[in-house]
Protein chains: 2
Amino acid sequence: MLSALGEVFRAHGYEGASLALISEATGLGKGSLYHFFPGGKEQMAAEVLGSIDAWFVTEIYRPLRKASDPRGGIADMFAGVDTYFRSGRRVCLIGVVALGNARDLFADRVKEYFVAWVDALALALRKLGHSPTVARHLAEQAVLEIQGALVLARAVNDRKVFSRALMRSHRRLMLTRPERSQRRSI
Amino acid sequence: MLSALGEVFRAHGYEGASLALISEATGLGKGSLYHFFPGGKEQMAAEVLGSIDAWFVTEIYRPLRKASDPRGGIADMFAGVDTYFRSGRRVCLIGVVALGNARDLFADRVKEYFVAWVDALALALRKLGHSPTVARHLAEQAVLEIQGALVLARAVNDRKVFSRALMRSHRRLMLTRPERSQRRSI
DNA sequence: CGGAAATTGTACCTATTGGTACAAAATATC
DNA sequence: GATATTTTGTACCAATAGGTACAATTTCCG
């Protein structure tokens, strides 16, 4: 049910997703909707955001952290992201909320989502020998490129923009050599 | 008047910007609003998007194209962008619309904005000796990084994320050397 | 089966939405 | 100063917003 809900918010934004649309998309009447979400629309959105965050944690962040092979973990991340965002056809709801007017309502969850992503990726990069600072900046850069690619791909309506950006991002991450003096074991 | 209007749309999105908010922000009553914008809210948004596009054309794209010194032109672009987006505190309305539910209404203008940006930057990069394809990809990458930086900076509420991204983007553009065999005069 | 609990549909509520009508007021023009 | 034009405030409108109340139904479980 949360996934149908998520698609409505994705397609119409928080404000744009009216209860009528939500009801239609989920097949649930108002009675049921307010039975499962006594907190109303805000609770619906909060749970959707939570479920997205949870998905990324288990499917992307955790594997990324645990990977004994950081290169493979990073490759899996890019593959997972490409699948999740349907090669750019699907938008990032968290990013949409971050830019939109409902940001204040969900600021904590939005921030946590991105911080966790950067942290997980930075950890993998440190395993590759990068210093903490460089790893963090590289991770930040990669995450931001994904978000930007989603915006641009959607704006010009060309999903190739998205896949190209993913490939460039992945390649640069693999090609950037850690400074010798900063290499360390973790 | 368009600038006050723009800030309302920026702050609340297209759907979120109610006529009440618009009226308050502009100091204009409904009577005046519908006198100047007979097309209603949609016309208001269209004119705002148009004025933003026009600003970028004259302040960013055109100088970028005309610059006899491409390096300087690119530096001016980054400086202009940093100022315009108030170092990440201000969001890109065109990007917001691109992600939001009003995208279809303004798809053409949104696309044109980004295409023109990529084109102008790619032209400057060609003057630096890059092949058309490489120039286009580098330009696409830079534009997308700016959009992503806006998303991420706002999501984690840290404008340093934005300025760091701008610096990295600028630096990489300057440091990427064109392939000898592809250098050409224009 | 029978009772308890979870689930659902319907009717209803108030506030607000974007938009219109139009007369009053302000402003410009001669 | 009279006239024509632009600009504004006010009162309205139907539609929809999110939300509540609650009885009727369905499902669960002993």
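Residues numbered from 1 in each chain as written. Chains lettered and ligands numbered in written order. Predicted model: local features only at pLDDT ≥ 70, side-chain atom pairs only at ≥ 80, totals over all residues. Heavy atoms only, no water.

## Side note on empty space enclosed by the protein
Move 1: Per the stated rule, a full pass over the model turns up two cavities of 30 Å³ or more.
Move 2: In this structure, the largest cavity is lined by 31 residues; those nearest its centre are Gly13, Tyr14, Val96, Gly100 and Asn101 of chain B.
Move 3: Looking at the lining of the largest cavity, the elements with two or more residues in it are α1 (2–16) and α6 (93–99) of chain A together with α1 (2–16), α4 (40–66) and α6 (93–99) of chain B.
Move 4: With eight residues, α1 of chain B is the single largest residue contributor to the lining of the largest cavity.
Move 5: Among the residues forming the lining of the largest cavity, the class breakdown is 17 nonpolar, ten polar and four charged.
Move 6: Approximately 50 Å³ is the volume attributed to the second largest cavity.
Move 7: Together, Phe9, Tyr14, Ala45, Val48, Leu49, Leu93, Val97 and Phe106 of chain A line the second largest cavity.
Move 8: Elements represented by at least two residues in the lining of the second largest cavity include exactly α1, α4 (40–66) and α6 of chain A.
Move 9: Per-element accounting of the lining of the second largest cavity gives the leading share, three residues, to α4 of chain A.
Move 10: Class assignment for the residues of the lining of the second largest cavity results in eight nonpolar, no polar and no charged. (1 Å grid on protein atoms, 1.4 Å probe; cavity = no way out; pocket = protein on both sides within 12 Å on 5 of 7 lines; lining within 4 Å. Points joined across faces, edges and corners; volume = space filled by probe spheres on them. Helix = DSSP H or I, 4+ residues; strand = E, 2+ residues; numbered from the N terminus. Nonpolar A, V, L, I, M, F, W, Y, C, P; charged D, E, K, R; others polar.)

All we've got here are geometric facts, nothing functional implied.
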